[in-house]
Structures are given as C-alpha cells and as structure tokens.
Amino acid sequence: MSSSNKIAYHARSISLPTRSHPLAAAVEEQLCNLRTSDLTSSISNNLVALKDLYECVEDFLSTNEGKCLDTVLDRSVMLLDICGTIKDVLSQMKQSAQDLQSSIRRRSNEFDAYMSSRKKICKVIRNCLSDLKRNSKTNDLVTEVSLLTEVEATTLAVFESVLSFLSAPKQSNWSLVSKLTTKRATQQVTNEVTKVDIALKSKDIEAKEVQKPLADLEMNLQDLEDGLESVFRCLIKNRVSLLNILNQ
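Here is a short report on the structure shown in this document. Computed from a predicted model, the values in this text were never measured in an experiment.

1. Things to note about empty space enclosed by the protein
Thinking step 1. Tallied over the full model, the rule gives 1 cavity of 30 Å³ or more.
Thinking step 2. The computed volume of the largest cavity comes to approximately 110 Å³.
Thinking step 3. Around the largest cavity, the lining residues are Tyr-54, Val-57, Leu-61, Val-72, Arg-75, Ser-76, Leu-79, Leu-148, Val-151, Glu-152, Leu-235 and Asn-238.
Thinking step 4. Of all the secondary structure elements, the ones that give two or more residues to the lining of the largest cavity are helix H2 (43-61), helix H3 (69-105), helix H5 (146-166) and helix H8 (207-246).

2. Concerning unusual backbone geometry
Thinking step 1. Although it is not a glycine, Arg-107 adopts a positive phi angle of roughly 65°.
Thinking step 2. Non-glycine residue Asn-109 carries a positive phi angle of around 45°.
Thinking step 3. Residue placement: Asn-109 occurs in the loop between H3 and helix H4 (111-139).
Thinking step 4. By relative accessible area, which is 29% here, Asn-109 ends up partly exposed.

3. A word on the environment of Glu-218
Thinking step 1. Structurally, Glu-218 can be placed in helix H8.
Thinking step 2. Counting along the chain gives 26 residues from Glu-218 to Glu-192, while the straight-line C-alpha distance between them is 9.1 Å.
Thinking step 3. Not counting the four nearest positions on each side in its chain, Glu-218 is found in contact with Lys-94, Gln-98 and Gln-101.

4. Regarding the packing of H3 against H8
Thinking step 1. H8 packs onto H3 with a crossing angle of 160° between their chain directions and a minimal axis gap of 8 Å. Between H3 and H8, the angle is such that the two are roughly antiparallel. Both H3 and H8 take part in a crossing whose hand is left-handed.
Thinking step 2. Looking at the contact of H3 with H8 residue by residue, the class counts come to 27 nonpolar, 7 polar and 7 charged.

Parameters at a glance
Residues numbered from 1 in each chain as written. Predicted model: local features only at pLDDT ≥ 70, side-chain atom pairs only at ≥ 80, totals over all residues. Heavy atoms only, no water. 1 Å grid on protein atoms, 1.4 Å probe; cavity = no way out; pocket = protein on both sides within 12 Å on 5 of 7 lines; lining within 4 Å. Points joined across faces, edges and corners; volume = space filled by probe spheres on them. Helix = DSSP H or I, 4+ residues; strand = E, 2+ residues; numbered from the N terminus. Buried < 20%, exposed > 50% of the residue type's maximum accessible area, 1.4 Å probe, protein only. Contact = heavy atoms within 4.5 Å. Axes fitted to C-alpha atoms, helices over the stretch in contact; angles between N-to-C directions. Parallel < 35°, antiparallel > 145°, perpendicular 65-115°, else oblique. Left-handed = near helix turned anticlockwise from the far one by under 90°. Nonpolar A, V, L, I, M, F, W, Y, C, P; charged D, E, K, R; others polar.

If you want it as structure tokens, here you go:
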C-alpha cells in the first residue's frame, strides 16, 4: 500500500472488551502460543495455530462490544489479498513440481521450464513481501484496537514465514519472521524448497537426484495449501462478523 493511499483511521462509538474479558484472554493465549513458537516443527503447524487464533477472535467479536472496528474491517481486505496471493503462489509451485515429476517419468527432464517458473514465482513473492512489509508499518499507526491489531501483526508474521519458505534462498531472512523464530530455524524450514533449486542448478543433474526432493516438496506444498485454505476461510468469516457488527 503506497503512502498516498493510506487507510483513514476514524473511530466508531463501539467499545472493545477489556483485556480482562475471558474471551479477550483466550485471544491473548492463542497469540502467546504463536509468539513463542518456532518454525522448526513446521510452518503448517503455525497455520493451524493461526486458524485457532481466528476462531477465538470470532468468539471475541460475538460480544458485540467492539471499538474502531471499521479500521480492522478495512485492513481485513488487505489480509485476504495477501492470503489469496500466497494461495496462488502455492498452487503454481505445486503445479510446476507436478509438471517436472511428469517430465522425469517421460524422461524429457524439463528442468529449465521448472526454473523459469521459479523465477516468475519468486518475483511475485518479492512483490508480495514488499506489500506485506508496507502494511506491517501501517499497522503501527493503529492504536485504538490494540488486541485485534496484534492479531493482524501476528497474521502478517505467519504469512511472511510462508513466503520466506517459498522464496529463493537469498530471500530466507525477513524481519517479521524473527518475531516467530530464529534465523537458524528459518534456514531449516526452507530446505524442502531449496533442495530442489540446488539440485536443478547443479551442472550434472541426474533425474533420480531430483525425484525425492520433488516428492518431499509437493507434500509440503500440499500441507501449506490445506492450512492456508483454512486460514483464508477464517479471514472471510472474520470479515463477515465485522460487517455484521458495524451494520447493527
């Protein structure tokens, strides 16, 4: 989001529950779980935790005691857009991996087509990361709805960890990921993607050396795709709840 197109922040006459509210405490607990997690287990686990977080947010919103929810509503579109872009990236990567596996079975070994697709995907990832970082800075301007903006910030951090996993090796160290994990853990979770990249960049590529990393990559991509789809549905449900509250 460019500086000339920043969201206008203005308040409504609805108030948020205090942090002592039991439903607010449940959201805090889920946030804490994500803050203290690392990516050594798997990014898929963080997506599951993110889905659980938004289910708690749904209960939290059901109290119908929100303040400045129009701000959160505006930014919910941004979260949906980023999540949708990542879903598209995952779908394209999975298709490329499947196409390469098919070519290996046919013994045509279309390595160049896969690498060409990877370059295009990495460009999309870089653009998405730039948008994500701009939005994380804009998030700092929102002070009225601190708990829900913490949820948004954590969501952006998880999204960035997914994008970092999917990107080329040089893109593996990103600022928001450090909120969830160490640099060492980030390098570990990128291995499934980079193993295929490294194998295909070898001067003497043998198809059998690519098949196992490709199969592992496809499994990882499927897990991420399933997890992200669940998060996407939660984001849609969250936006509908916000709309219903603001229209009352």
